[in-house]
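Residue strings, one per chain:
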Amino acid sequence: QVQLIESGGGLVQVGGSLRLSCEASGRTFSTYAMGWFRQAPGKEREFVAAIGWDSNTIYNESVLGRFTISRDNTKKTGFLHMNGLKPDDTAVYYCAGRQGDASYYSTNYPDWGQGTQVTVSS
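Reading guide: rules and limits
- Residues numbered from 1 in each chain as written.
- Predicted model: local features only at pLDDT ≥ 70, side-chain atom pairs only at ≥ 80, totals over all residues.
- Heavy atoms only, no water.
- Buried < 20%, exposed > 50% of the residue type's maximum accessible area, 1.4 Å probe, protein only.
- Helix = DSSP H or I, 4+ residues; strand = E, 2+ residues; numbered from the N terminus.
- Pairing = 2+ DSSP bridges.

Caption draft 1: Structural view of the pairing of strand β8 (residues 77-82). With five of six residues buried, β8 lies mostly within the body of the structure. Note: strand β3 (residues 18-24) against β8, six bridges, orientation antiparallel. For C22, the partnering residue across the bridge sits in β8 and is G78. Relative to β8, strand β7 (residues 67-72) is paired through six bridges, and the arrangement is antiparallel. Within β8, the position partnered with F67 by the bridge is M82.

Caption draft 2: Structural view of the pairing of β3. Among the seven residues that make up β3, five are buried, leaving the element largely enclosed by the rest of the structure. Pairing between strand β1 (residues 4-7) and β3: four bridges, direction antiparallel. Bridged to E6 within β3 is C22.

Structure follows, in structure tokens:
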């Protein structure tokens, strides 16, 4: 099983930027898809973005044009670059992984990180 370790969360003002990182253990990262999900207090976990083994990307409409997902196979790390942050982006962000293609659905990801808090203050 792959272990995922997230970093990069924090407190930022409206309009600010953050970069989340998710480092994966294991030897099969080149065939691995990575997704980001978030969960705000009192709300269900929602899909944010994902990148497939082939670097194909998919996004939640609410973050299109503001967030960019990327990967660095040499570092076995995925990234979520977040710009133009809004108070509604406040949540715990989780990275998730699976072999193969990017997916919108959390149930398709067997591997999960511990989560990192992102707080956007107005």
